[in-house]
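Remarks on the overall topology
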Amino acid sequence: MGVSAQEPDWSREALSGGWQPSRALLHSIRAYQRHNGLRRRLAVLRHRFWSVVTGADIPLNAQIAGGLLLPHPNGLVIHPEAQVGPNCLLFQQVTLGTIADKPGAPRLGGHVDVGAGAKILGPVVIGDHAVIGANAVVLSDIPAGAVAVGSPARVIKQKEEP
């Protein structure tokens, strides 16, 4: 059985001791979204600290489902309107952003793997279990289970229907 595209695996984000800056950053975002008052203010301070340490630009109001993995979070940019589904994997230098002539931000389905340096721009939808290759520039929708590479990204492998 593979990784679920619907049910978040929260153990992927769990702090288990040691130096885990990306998990600490996600933990501060989750704390901000869950708490009010003083605990929320402390979460903001932790978020600022871990954002500097990781070099990642993830807003406190980010729409991120559980189970996100950020093995190397440096240079990661997520637009506040972007949506990240459960159990996704984002490598370094990934951008989920907008483009000037198209309103809207990307929506990643569940268990989407995005390679280092990939840019997903505009109101595109990436289907469940899709893989985006390193340095790809995605400007159009990618179907579920597909592998997309290049600039602009094109699908090189599609999930076979049963």
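Details of the structure are given in the entry above.
Residues numbered from 1 in each chain as written. Predicted model: local features only at pLDDT ≥ 70, side-chain atom pairs only at ≥ 80, totals over all residues. Heavy atoms only, no water.

**Some words on the side chain of S22**
This is how it is decided: In this description a helix means any DSSP run of H or I spanning at least four residues, a strand means any run of E spanning at least two, and both kinds are numbered starting from the N terminus. For every residue, the accessible area (1.4 Å probe, protein chains only) is compared with the maximum for its type, and the residue is labelled buried under 20%, exposed over 50%, or partly exposed between those bounds. By the convention used here, residues are in contact when the closest approach between their heavy atoms is within 4.5 Å.
With respect to the helices, strands and loops of the structure, S22 is situated in helix α1 (residues 21-34). With a relative accessible area of 13%, S22 lands in the buried category. When neighbours within four sequence positions are excluded, S22 is seen to be in contact with T54, L70 and P73.

**Points about helix α2 (residues 37-54)**
Which entries qualify depends on this criterion: Take the number of residues in a helix, subtract one, and multiply by 1.5 Å to get its expected span.
Spanning 18 residues, α2 covers 26 Å between terminal C-alpha atoms, matching the ideal 26 Å at 1.5 Å per step. The inward-facing, buried residues of α2 abut α1. Once α2 ends, the next one or two residues include G55, with phi positive near 75°.

**Brief notes about the sheet that holds strand β9 (residues 125-126)**
Counted only if it meets this: Paired strands, in this sense, are two strands between which DSSP finds at least two bridges.
Within the open sheet, the four strands sit side by side as β1-β3-β6-β9. Their pairing is parallel. Strand pairing shows two members of the sheet lacking a second neighbour, β1 (63-64) and β9, which therefore form its edges. Bridge count between β1 and strand β3 (residues 83-84): two bridges; the pairing is parallel. The residue bridging Q63 from the neighbouring strand is Q83, located in β3.

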